[in-house]
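Tertiary structure, described
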Amino acid sequence: MPGEHWLANRRQSLEVSRHDLKNPEFVSAYEKALFDKLPDVAARHFTVVRTGRTDVAVIERDGNLHAVLAPDRKLVLWTDAGPWKVTMIDTSADLAIDPAVMRRIGQARKTELMSVHPVVDGQAGLLFVDGVLVRTLTAGVHAFWNVGRMVQVKVVDLKRQSLDVAGQEVLTKDRVTIRVNIAAEYRVVDPVKAVSAVKDFAEALYRALQYAFRKTLGALTLDQILEKKVTIDEEAAGKVRADMAEIGVEVSDIALKDVILPGEMREILNQVVSAEKQAEANVIRRREETNATRSLLNTARVMAENPVMLRLKELEALETIAGKVERLTVHNGTGGLLNDLVKLRD
């Protein structure tokens, strides 16, 4: 120990090894000899920590975390560098780390033997140990000992999500190739089924939507598809929902968003639409002309039956003409003025 020591040194055979207690871990080539030859001295000056095959040791020095010892390890500490506190944890039953211990290990930056997995609200975490599903994790931060076994956490989103199937080519009943964009709303209701039943539940839904819309649109002509807002038929939609329910996925809305036509087909349809609009315009024009003619006929009938009305019309015509010329001379009054105007025009 510290101090001045007088020792015999026959034939200069004495060797002294000094150790600084600022480094509390004892590492020496004489460790085995010391424990074998002087066990009482070793017991008085050293604290030995040994871990079993499934043990992890959390070692504290004067209230501060000093080290985390992996399984099947030994650590020799100078007792006088303490005080020491050793907590042994058996990981064979459960690899989970207590949240308080997790925080202390993180603060001490001794995380080599720990894996941390956050799970936020609206998610579920599936814990796999050596490839076997152990349990479902709720929202929070979870830590596990990463010793001896492989720990994996698969996070599954439980919120409602949308899936777009874009640019799918479909052959209609009248053999026209179109491209469609499909959308669906879904959410995972059983994360264990969704992960274990299929490799990728989103991919499974994608394929189911592809098949359902090819079946639906393949039974319709292009005109039928364009004339109305096409939705997936109930039989196909029911099959999609039933198949996805078996793997823990709930499908709500399924809709056809866009129909994309080939270039030449768009030109043909544009011509058809243009011709239809032109025909509609001609019908409207003829209807207006008919209405105008009928209105003139009614006016003429009223004027023929009512001389006063005819006189008013003559005065209106005179007012209109007077507003457009500088001088207007009227002979013999305004009687017969409308007839004279008609003759003048001829």
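Everything discussed here concerns the structure shown above.
Residues numbered from 1 in each chain as written. Predicted model: local features only at pLDDT ≥ 70, side-chain atom pairs only at ≥ 80, totals over all residues. Heavy atoms only, no water.

**Points about the nonpolar core**
Ranked by internal contacts, the top residues of the largest apolar core, which has 35 residues, are Ile178, Phe201, Leu205, Leu209, Val240, Val249 and Ile254. Secondary structure elements with two or more residues in this core: strand E7 (123–129), strand E11 (161–171), strand E12 (177–188), helix H4 (191–196), helix H5 (201–217), helix H6 (222–227), helix H7 (234–245) and strand E13 (249–260). With 7 residues, the single largest contributor to this core is H5. Not counting chain neighbours up to four residues away, the residues in contact with Ile178 comprise Gln168, Glu169, Val170, Thr172, Leu222, Ile225, Val259, Ile260 and Leu261. Within the second largest apolar cluster, 20 residues are counted, among which are Leu65, Leu95, Val151 and Val153. (Core = buried A, V, L, I, M, F, W, Y, C linked by side-chain atoms within 4.5 Å. Buried < 20%, exposed > 50% of the residue type's maximum accessible area, 1.4 Å probe, protein only. Helix = DSSP H or I, 4+ residues; strand = E, 2+ residues; numbered from the N terminus. Contact = heavy atoms within 4.5 Å.)

**A closer look at the sheet that holds strand E5 (residues 84–90)**
Strand order in the open sheet made by the 3 strands is E3-E2-E5, with antiparallel pairing throughout. Each having just a single partner strand, strand E3 (64–69) and E5 make up the two edges of the open sheet. Averaged over all neighbouring strand pairs, the angle between strand axes comes to 20°, with direction disregarded. Sheet topology places strand E2 (residues 55–61) next to E3; 5 bridges connect them, and they run antiparallel. Paired with Ala57 across the bridge in E3 is Leu69. In the packing of helix H3 (residues 99–108) onto the sheet, contacts are made with E2 and E3, and the angle to E3 comes to roughly 95°. (Pairing = 2+ DSSP bridges. Axes fitted to C-alpha atoms, helices over the stretch in contact; angles between N-to-C directions.)

**Some words on the layout of surface pockets**
Estimates place the volume of the largest pocket at around 1,000 Å³. Surrounding the largest pocket, 23 residues form its lining, Met1, Val16, Ser17, Arg18 and His19 being those nearest its centre. When contributions to the lining of the largest pocket are tallied by element, the ones reaching two or more residues are helix H1 (31–37) and helix H2 (39–45). Residue contributions to the lining of the largest pocket peak at 3 residues, all from H1. Looking at side-chain class alone, the lining of the largest pocket contains 14 nonpolar, 6 polar and 3 charged residues. (1 Å grid on protein atoms, 1.4 Å probe; cavity = no way out; pocket = protein on both sides within 12 Å on 5 of 7 lines; lining within 4 Å. Points joined across faces, edges and corners; volume = space filled by probe spheres on them. Nonpolar A, V, L, I, M, F, W, Y, C, P; charged D, E, K, R; others polar.)

**As for the packing of aromatic side chains**
A ring pair, where both rings are aromatic, is described by two values, the distance of the centres and the angle of the planes. Applying the stated rule across the entire model yields 4 aromatic pairs. When the ring of Phe26 is compared with that of Trp78, the centres are 5.3 Å apart and the planes differ by 85°; the resulting orientation is edge-to-face. With Phe26 in the segment before H1 and Trp78 in strand E4 (residues 74–78), this residue pair connects regions lying 52 residues apart in the sequence. When its relative accessible area of 7% is taken as the criterion, Phe26 is described as buried. Pairing Phe35 with Phe46 gives two aromatic rings, centres 5.8 Å apart and planes at 35°, and the pair type is tilted. Within this pair, whereas Phe35 is found in helix H1, its partner Phe46 is found in strand E1 (residues 46–50), the two being separated by 11 residues in sequence. Taken together, the ring pairs connect Phe26, Phe35, Phe46 and Trp78 into an aromatic cluster. (Phe/Tyr/Trp six-rings, centres within 6.5 Å; stacked < 30°, edge-to-face > 60°.)

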